Amino acid sequence: MSDTARNRKQLETLIQRMEAKMLVGDFDYAEFFPGSKNLKKLEDAGVLPKNGEGVLGQSESTSPLFTDFADQWFLESKIQWRNSHTRNVESILASSLKPAFKDKRVGEISKPDILAARNKMARRKGRGASGLIAPKTINSHMTILRMILTEAAERFDFTNPYLNIKPLKQQKVHIEPFSLNEVEKILETVREDYRNYYLVRFYTGLRTGEVDGLKWEHVDFEKREILVRETLIHGQTEYTKTDGSQREIPMFGPVYGALKAQYEATGKLSKFVFCNRLGEPLDHNNVTKRVWYPLLEHLKLKKRRPYQTRHTGATLLLASGENPEWVARTLGHSSTEMLFKVYSRYIPNLTRMDGSAFERLIQSRVIENDKEVGGETE
């Protein structure tokens, strides 16, 4: 072969296939070097069978078992993932994919096999509305399967059986944001030691992991900005969900004052803005059960997950007239597509894009509340 870029690429692919087969103990010398003079020597030495059909005892399929290749793919891929994603993929492999294809070689898996595995998965108990695994969860499992089979098909030169399999349809997400009156009611009633926490959540739209993992080094009082750089997952901080999640959020309305007050409480106790008495980050599930749900029940408000504080922040920003593109960046979305899909009914127009409209909305409420308090005092 002449020394060209195309031929080099072909040889690199060939070498990768050979190394993959060697790694799983499935390499057949005769398959790759059928005209080699060494074949006779290897046959005489008993390394190859006399008929040249492959390694003794080798299966008719030259591809590795799915479980073996899935492990190999996982080890090769995890270097580029966040710790939380690594744990998630490891769980998907162990609980769903390996059991479903444990006796299959990757080259033997067919489209009917894939659809049968998906149907079986759909009958498992889960946290979906029907009491079974939600379509979104099934799709995430099948995405991992598709990635594995796509890589295997390329390495072992077979047609990918996952072609033309579409993801399951998911139900439209219906958000349940709180009104501004409800937000104020919550902040007036919540335990004093959690008032700043929920105020920041409502008025910034931070994700749960982002607010729980917020550190003082990422609070810029001088510029009045919150720097979103990390997220808290299973008690450990790591890089945010995506690159687009890395952002700066203005300290809207009373957020600046709340963080100043919080600094007096925890600034010297912990590197985390919101923490427990030992200076450790909050246990989200514990706070939700002990503080959030009892508070909603006390106020006779519909039970909603704490993540609705993010939806509330988004809807208040949009309803006040802020530009959707600016709001998307503030929330950490890569585009306005999701914003229009989820929050379209809360977008009245396309005006401001700097937070001033939302700022005026919050400040006007503060002034109104002050007047009411003053009137009661008089």
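So, how was this worked out
- Going along each chain's sequence as written, the residues are numbered from 1 onward.
- Residues qualify for local features only when their pLDDT is at least 70, as the model is predicted, and side-chain atom pairs are given and counted only at 80 or more; totals for whole chains, interfaces and linings, by contrast, use all residues.
- Hydrogens and waters are ignored; side-chain quantities use all the structure's heavy atoms.
- We count a stretch as a helix when DSSP gives it H or I for four or more residues in a row; a strand needs E for two or more, and each element gets its number in order from the N terminus.
- For the radius of gyration, the atom set is restricted to C-alpha positions; the globular benchmark scales as 2.2 Å times the number of residues to the power 0.38.
- Residue burial is assigned from relative accessible area. The probe radius is 1.4 Å, only protein chains are included, and a residue is buried under 20% of its type maximum, exposed over 50%, and partly exposed in between.
- Helix span is expected to be 1.5 Å times the residue number reduced by one.
- Patch construction takes residues with relative accessible area above 30% that form no salt bridge. Like charges are linked within 9 Å, and nonpolar side chains (Val, Leu, Ile, Met, Phe, Trp, Tyr) are linked within 5 Å.
- Where accessible areas are quoted, they stem from the Shrake-Rupley method and a 1.4 Å probe; at the residue level, only the protein chains shown are allowed to cover.
- Whenever a carboxyl oxygen of Asp or Glu lies within 4 Å of a side-chain nitrogen of Lys or Arg, that contact is scored as a salt bridge.
- The sign given to each residue is positive for Lys and Arg and negative for Asp and Glu; His and the chain ends receive no count.
- In this description, the location of a charge corresponds to atom NZ of lysine, CZ of arginine, CG of aspartate or CD of glutamate.
- Any two strands with at least two DSSP bridges between them are considered paired.
- Only buried residues count toward a nonpolar core, which is a set of Ala, Val, Leu, Ile, Met, Phe, Trp, Tyr and Cys residues joined through side-chain atoms within 4.5 Å.
- Note on definitions: a residue-residue contact is assigned when non-hydrogen atoms from the two residues lie within 4.5 Å.
- An automatic or database domain assignment is the source of the domain bounds shown.
- Summed over both partners, the accessible surface that disappears when two parts come together, traced with a 1.4 Å probe, is what is meant by buried area.
- Between N or O atoms, a polar contact is any pair within 3.5 Å; within protein, one atom must be a potential hydrogen donor and the other a potential acceptor, and residues adjacent in sequence are included only when both atoms are from side chains.
- Under the scheme applied here, ten amino acids are nonpolar (Ala, Val, Leu, Ile, Met, Phe, Trp, Tyr, Cys and Pro), four are charged (Asp, Glu, Lys and Arg), and all others, including Gly, are polar.
- For helices, the axis comes from a line fit to the C-alpha atoms of the stretch in contact; other axes are also lines fit to C-alpha atoms, and the angle between any two N-to-C directions lies between 0 and 180 degrees.
- The labels follow the angle: roughly parallel below 35 degrees, roughly antiparallel above 145, roughly perpendicular from 65 to 115, and oblique for the rest.
- Take the far helix as your reference; a near helix turned counterclockwise from it by less than a right angle gives a left-handed crossing, and one turned clockwise gives a right-handed crossing.

K.L.:
What should I look at first to understand the overall build of the chain in this one?
P.N.:
When helices and strands are tallied, the chain shows 16 helices and 5 strands. The C-alpha atoms of the chain give 28 Å as radius of gyration, which overshoots the globular expectation for 378 residues (21 Å, by more than 25%). Each of the three principal axes of the chain carries a C-alpha extent, and together these read 110 × 45 × 45 Å. Taken over 378 residues, the chain has a buried fraction of 44%.

K.L.:
For this particular structure, what's the right way to read helix H13 (residues 308-319)?
P.N.:
In an α-helix, one turn spans 3.6 residues; hence positions three or four apart end up facing the same way. Taking 1.5 Å per residue, 12 residues should reach 16 Å; H13 reaches 16 Å between its end C-alpha atoms and fits that length. Within H13, 11 of the 12 residues are buried, which leaves the element mostly enclosed by the surrounding structure. Buried within H13 are the following residues: Gln308, Thr309, Arg310, His311, Thr312, Gly313, Ala314, Thr315, Leu316, Leu317 and Leu318. Count one or two residues on from H13 and you reach Gly321, which has phi positive near 105°.

K.L.:
Help me understand a positive patch on the surface in this model?
P.N.:
Together, Arg127, Lys136, Lys241 and Arg305 make up a region of like positive charge exposed at the surface. By the element assignment, Lys241 lies in the loop between strand S4 (236-239) and strand S5 (247-250). Judged by relative accessible area, which is 57%, Lys241 ranks as exposed.

K.L.:
Please clarify how the sheet that holds S5 should be interpreted in this entry.
P.N.:
In sheet architecture, strand pairing relies on hydrogen bonds along the backbone and comes in two forms, parallel and antiparallel. Reading across the sheet, the 3 strands line up as S1-S2-S5 and stay open at both edges, with antiparallel pairing between neighbours. At either end of the open sheet lies a strand with only one pairing partner, and these are strand S1 (219-220) and S5. As paired strands, S1 and strand S2 (residues 225-228) are joined by 2 bridges and run antiparallel to one another. By the bridge assignment, Val219 is partnered in S2 with Ile226.

K.L.:
Looking at this structure, how should I read the pattern of salt bridges?
P.N.:
In a structure, side chains of opposite charge can pair up when their charged atoms sit close to one another. Inspection of the entire model under this criterion finds 14 salt bridges. Its salt-bridge partner being Asp71, residue Lys98 comes within 2.4 Å of it at the nearest N-O pair. With Lys98 in helix H5 (residues 83-100) and Asp71 in helix H4 (residues 66-77), the pair connects residues that are 27 residues apart, well separated along the chain. The partner of Glu238 in a salt bridge is Arg82, and the shortest N-O contact between them spans 3.8 Å. You can see Glu238 sitting in strand S4 and its partner Arg82 sitting in the loop between H4 and H5, a full 156 residues away along the chain. Exposure remark for Glu238: the relative accessible area of 9% places this residue in the buried category. Overlapping salt bridges, with partners in common, bring together Glu76, Glu151 and Arg155 in one network.

K.L.:
Would you mind showing me how to read the nonpolar core here?
P.N.:
One recurring pattern in soluble globular proteins is that nonpolar side chains are buried together. The biggest cluster of nonpolar side chains holds 53 residues, and the ones touching the most others in it are Ile186, Tyr198, Phe202, Tyr203 and Leu259. Counting residues per element, this core draws most heavily on helix H9 (residues 192-204), which supplies 7 residues. With sequence-adjacent residues up to four places away left out, Ile186 is seen in contact with Phe178, Phe202, Trp292, Leu295, Leu296, Leu299 and Leu301. Within the second largest apolar cluster, 30 residues are counted, among which are Ile133, Met142, Ile144 and Ala152.

K.L.:
Help me understand the domain arrangement of the chain in this model?
P.N.:
Note: interface size is frequently given as the accessible area lost on complex formation between the parts. For the chain, the assigned domains are domain 1 (5-45), domain 2 (66-156) and domain 3 (180-346). Averaged C-alpha coordinates put domain 1 and domain 2 at centres separated by 30 Å. Contacts between the two partners involve 6 residues from domain 1, matched on the other side by 4 residues from domain 2. Here domain 1 meets domain 2 over a buried area of about 500 Å², counting both sides, of which 63% is carbon and sulfur. Of all residues in domain 1, the largest losses of buried area upon contact with domain 2 belong to Arg17, Ala20 and Val24, amounting jointly to 59% of the total for that side. On the surface where domain 1 and domain 2 come into contact, there are 0 salt bridges. There are 1 residue pair in polar contact (both at pLDDT 80 or more) connecting domain 1 and domain 2. When grouped by side-chain class, the residues that make up the side of domain 1 that touches domain 2 number 3 nonpolar, no polar and 3 charged.

K.L.:
Hey, could you run me through the packing of helix H6 (residues 111-122) against helix H7 (residues 135-156) in this one?
P.N.:
To characterise two packed helices, one gives the angle between the axes of the helices and the distance between these axes. Contact geometry for H6 and H7: axes closest at 11 Å, N-to-C directions at 155°. Taken together, the axes of H6 and H7 lie roughly antiparallel to each other. The two elements H6 and H7 meet at a crossing, and its hand is right-handed. Touching Ile114, Arg118, Met121 and Ala122 of H6 are Ile138, His141, Met142, Leu145 and Leu149, all from H7.

K.L.:
Help me understand the side chain of Glu238 in this model?
P.N.:
At 3.5 Å, the side chain of Glu238 forms a polar contact with the backbone nitrogen of Asn83. Of the polar contacts made by the side chain of Glu238, one reaches the side chain of Ser84; its length is 3.1 Å. Apart from residues lying up to four places away in sequence, Glu238 is in contact with Arg82, Asn83, Ser84, Arg87, Arg229, Glu230, Thr231 and Ile233.

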